[in-house]
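If you want the building blocks of each chain, they are given just below.
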Amino acid sequence: MIAVEEMMRQIVKGVKSKYGFEETIERLKKKTEEVGWTVIGEYDFREKVGIQFAIIEVCNRDFATKAISKPENRWISAMMPCKFSIIEMPDGVYVFGMNMGLFAEMVPGELGELLSEVARVDEEIIGSVV
């Protein structure tokens, strides 16, 4: 049986950025726009939690519309928009996000295929800082 901690490591992906906190955020936002997506939310938690920590939310209208166009798929709205957390750890800045590739494997049919494409875009965005 897989331990809960190991399962969470599979569900949530993390990469160490080669940039500082602010530059990591800026590069993620720039790449988001380059791939035709939009940053729709940005949350700075530094003052609230006392560490370098932010979340950016990204979305693509076409993907979102396709994902929720069928009533039977609207449960996926709980996973929208895509989120990336940027947080300082003792050894550097990390970016965490949901492992959409793994999630896509669990979702059958057309929605799973769409989520596979979202996973590809997520990888491209996160890849901008490694």
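The structure presented is a predicted model; accordingly, all values stated were derived computationally and were not measured.

Caption draft 1: Fine view of the nonpolar core. Leu 28, Trp 37, Phe 84, Ile 86, Val 95, Leu 111 and Leu 115 are the most contacted members of the largest nonpolar core, which totals 29 residues. Of all the secondary-structure elements, those providing two or more residues to this core are α2 (21-34), β3 (53-59), α4 (61-68), β4 (82-89), β5 (92-98), α5 (100-106) and α6 (109-126). Among the elements that line this core, the one with the most residues is α6, at 8 residues. Residue contacts for Leu 115: discarding those within four places in its chain leaves Ile 76, Met 100, Phe 103, Ala 104 and Val 107.

Caption draft 2: Just the pairing of β3, in detail. Of all 7 residues that make up β3, 6 are buried, and the element is covered over most of its length. With 6 bridges joining them, strand β2 (residues 38-44) and β3 adopt antiparallel strand pairing. Each residue of the ladder has a partner; that of Glu 42, found in β3, is Ile 56. Two strands pair when backbone bridges link them, and β3 and β4 are joined in this way by 6 bridges, in the antiparallel orientation. Bridge pairing links Phe 53 to Ile 87 in β4.

Caption draft 3: Summary view of the side chain of Asn 99. For Asn 99, the location among the structural elements is in the loop between β5 and α5. Of the residues examined, Asn 99 reaches a relative accessible area of 17% and is grouped as buried. There is a polar contact of 3.0 Å between the side chain of Asn 99 and the backbone oxygen of Gln 10. When neighbours within four sequence positions are excluded, Asn 99 is seen to be in contact with Gln 10, Ile 11, Val 12 and Lys 13.

Caption draft 4: Broad picture of the environment of Trp 37. With respect to the helices, strands and loops of the structure, Trp 37 is situated in the loop between α2 and β2. Separated by 48 residues in sequence, Trp 37 and Ser 85 place their C-alpha atoms 17 Å apart. Discounting chain neighbours no more than four positions away, the residues touching Trp 37 are Thr 32, Val 58, Cys 59, Asn 60, Phe 63, Cys 82, Val 118 and Val 121.

Criteria and cut-off values
- Residues numbered from 1 in each chain as written.
- Predicted model: local features only at pLDDT ≥ 70, side-chain atom pairs only at ≥ 80, totals over all residues.
- Heavy atoms only, no water.
- Core = buried A, V, L, I, M, F, W, Y, C linked by side-chain atoms within 4.5 Å.
- Buried < 20%, exposed > 50% of the residue type's maximum accessible area, 1.4 Å probe, protein only.
- Helix = DSSP H or I, 4+ residues; strand = E, 2+ residues; numbered from the N terminus.
- Contact = heavy atoms within 4.5 Å.
- Pairing = 2+ DSSP bridges.
- Polar contact = N/O pair within 3.5 Å; in protein donor to acceptor, adjacent residues only side chain to side chain.

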